[in-house]
Amino acid sequence: MGKIRAEYIWIDGTEPTPLLRAKTKVMDEGETPPEWGFDGSSTNQATGDRSDCILRPVFTCPDPLRADGDILVLCDVYSADGTAHPTNTRAACAAAEAKHKAQEAWYGMEQEYTLMKNGRPAGFPEGGYPGPQGPYYCGTGSSNVVGRELIEEHLEACILAGLKISGINAEVMPGQWEFQIGPAGPTEVGDHMYIARYLLNRMAESYGFDASFEAKPAKGDWNGAGCHTNFSTKAMREPGGWDVIVAACEKLGQPEKIKLHIANYGHDIESRLTGKHETCSYKEFKYGVSDRGASIRIPLATKLTGYGYFEDRRPNANMDPYTVARLLLETTCD
Ligand code: ADP
Ligand code: MN
Ligand code: MN
Ligand code: MN
């Protein structure tokens, strides 16, 4: 009987921003990945006296970093008593998705991140700064971009894994890049996002980089890292969709919803949403066509055709995609 390697991946309990953990199970070819366990006391998910946590497989895809037949297994974490662990945000997202199935919600998430080397963004010289922002966004040439070999390999790996990756680009700050996942459903976008983040972390090891999802990795006049979330329902994508989009923006603009979303859009969001660097201050809320200084941007094409989608520009790079997807669905459709 042939053997395969299954990489079990889960989201841990590190605060304020969880990390991805993974370990390998050797299985028989053709075997369905079973539940597994881990030491939750080493991941901030349990105490030492009740340390066993359960890994329940929820999404499987080919492992592009190993041999043919090897797989990646994304898992939900359950406590020893069988209840969803507090760090398990996917369960609530899946429930919201089931409730709003008829909406046919789609998401496109633009994951920005920063390659770090020696504790600073790649491309930042020791003890100093690179030239000011300008030539780096979608840049070419070795003075303007760093890390392209890794980024290309990561894109290839995401495609081979079967993820709904829709593009990549170099970002405004040196060492900063972006990949986009979508359009995909509420739970699906999170599953694909976490696998893509895992692959990035893992592949960066070979280059001595760390992929940081920190919201503001360089203080001062440097862009932060976000995860703009593009959103639409079936009604928004059809003629008459403009009115549905405006109504959704109005709902998102209610004071208690602004607070709720900002509180759940990633650690240190106040440092990033300053009102500068293509953001709207976290103290304000506005939406507008084409406006990259708004909380929510409605693409020009959506205005012109009268239907399409909108872009919530507030989520941080370090956001939890399940939580962001769930909140957008609940706030606009409940
Ligand atoms: P930006 O112009 O803000 O940089 P990107 O091209 O980086 O935008 O990302 C846009 C994302 O939105 C992509 O992932 C794309 O697949 C997704 N998208 C496109 N149409 C829709 C839609 N109708 N609903 C949700 N997401 C969409
Ligand atoms: Mn983008
Ligand atoms: Mn971007
Ligand atoms: Mn964007």
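So, here's what we can say about the structure. What you see is a predicted model, and the numbers here were worked out from it, not measured in a lab.

Here's the deal with the nonpolar core
Grouped burial of nonpolar side chains is what soluble globular proteins tend to show.
Thinking step 1. Formed by 65 residues in total, the largest nonpolar core has its most connected members in Tyr113, Ile195, Leu199 and Phe310.
Thinking step 2. If one sorts the elements of this core by residue count, helix H3 (residues 186-204) sits on top with 10 residues.
Thinking step 3. Ranked by size, the runner-up nonpolar core spans 12 residues in total, among them Ala6, Tyr8, Ile71 and Val77.

Side note on the coordination of the manganese ion (ligand 2)
Tetrahedral metal sites with four donors have an ideal angle of 109.5 degrees; octahedral sites with six donors have ideal angles of 90 or 180 degrees.
Thinking step 1. Distances from the manganese ion (ligand 2) to its protein donors, Glu110 (OE) and Glu178 (OE), fall at 2.2 to 2.3 Å.
Thinking step 2. Separating the manganese ion (ligand 2) from the manganese ion (ligand 3) is a gap of 3.8 Å, which glutamate 178 spans by donating to each of them. Here glutamate 178 lies in strand E9 (residues 176-184) and glutamate 110 lies in strand E6 (residues 106-117), a separation of 68 residues in the sequence.
Thinking step 3. A relative accessible area of 15% means that glutamate 110 is categorised as buried.

Considering the site of ligand 1
Thinking step 1. Glu110, Ser166, Glu178, Ser232 and Glu311 are the nearest of the 17 residues found near ligand 1.
Thinking step 2. Within the contact set of ligand 1, an oxygen atom lies 3.2 Å away from a side-chain nitrogen or oxygen of glutamine 180.
Thinking step 3. Here an oxygen atom of ligand 1 and a backbone polar atom of proline 183 are 3.4 Å apart.
Thinking step 4. Burial of ligand 1 by the protein amounts to 75% of the accessible area it has alone, namely 590 Å².

Quick look at the coordination of the manganese ion (ligand 4)
Thinking step 1. Only Glu110 (OE), Glu110 (OE), His228 (ND1) and Glu311 (OE) from the protein coordinate the manganese ion (ligand 4), and they sit 2.0 to 2.6 Å from it.
Thinking step 2. In terms of primary sequence, the donors binding the manganese ion (ligand 4) are separated according to E-x117-H-x82-E.
Thinking step 3. Taken as a pair, the manganese ion (ligand 4) and the manganese ion (ligand 2) lie 4.0 Å from each other and share glutamate 110 as a ligand. You can see histidine 228 sitting in strand E11 (residues 227-232) and its partner glutamate 311 sitting in strand E14 (residues 310-312), a full 83 residues away along the chain. Of the two residues, histidine 228 and glutamate 311, neither departs from the other in class, the shared state being buried.

Some thoughts on the state of the cysteines
Thinking step 1. For the structure on display, the rule yields 0 disulfides.
Thinking step 2. Cysteine cysteine 75 shares no disulfide, and the gap to the nearest cysteine sulfur, in cysteine 61, comes to 12 Å.
Thinking step 3. Here cysteine 158 stays unpaired: no disulfide links it, and the sulfur of cysteine 61, its closest cysteine neighbor, is 9.2 Å away.

A closer look at the side chain of threonine 114
Thinking step 1. As for its position among the elements, threonine 114 is in strand E6.
Thinking step 2. If sequence neighbours within four positions are ignored, threonine 114 has contacts with Pro121, Met173, Gly175, Gln176, Asp210, Ala211, Ser212, Pro217 and Ala225.

Things to note about the sheet that holds strand E5 (residues 71-78)
Thinking step 1. The mixed open sheet is built from 5 strands, whose spatial order is E2-E1-E5-E4-E3. Of all strands in the sheet, those bounded by a partner on one side alone are strand E2 (20-28) and strand E3 (36-39). For this sheet the average axis-to-axis angle between neighbouring strands, irrespective of direction, equals 40°.
Thinking step 2. Bridge count for strand E4 (residues 52-62) against E5 is 8 bridges, and the pairing is antiparallel. In the sheet register, arginine 56 faces E5, and the bridge partner there is aspartate 76.

So, how was this worked out
- Residues numbered from 1 in each chain as written.
- Chains lettered and ligands numbered in written order.
- Predicted model: local features only at pLDDT ≥ 70, side-chain atom pairs only at ≥ 80, totals over all residues.
- Heavy atoms only, no water.
- Core = buried A, V, L, I, M, F, W, Y, C linked by side-chain atoms within 4.5 Å.
- Buried < 20%, exposed > 50% of the residue type's maximum accessible area, 1.4 Å probe, protein only.
- Helix = DSSP H or I, 4+ residues; strand = E, 2+ residues; numbered from the N terminus.
- Donors = N, O, S within 2.8 Å, 3.2 Å for Na, K, Ca; no water.
- Near = heavy atom within 4 Å.
- Polar contact = N/O pair within 3.5 Å; in protein donor to acceptor, adjacent residues only side chain to side chain.
- Areas by Shrake-Rupley, 256 points an atom, 1.4 Å probe, with all protein chains shown as cover.
- Disulfide = S-S within 2.5 Å.
- Contact = heavy atoms within 4.5 Å.
- Pairing = 2+ DSSP bridges.
- Axes fitted to C-alpha atoms, helices over the stretch in contact; angles between N-to-C directions.

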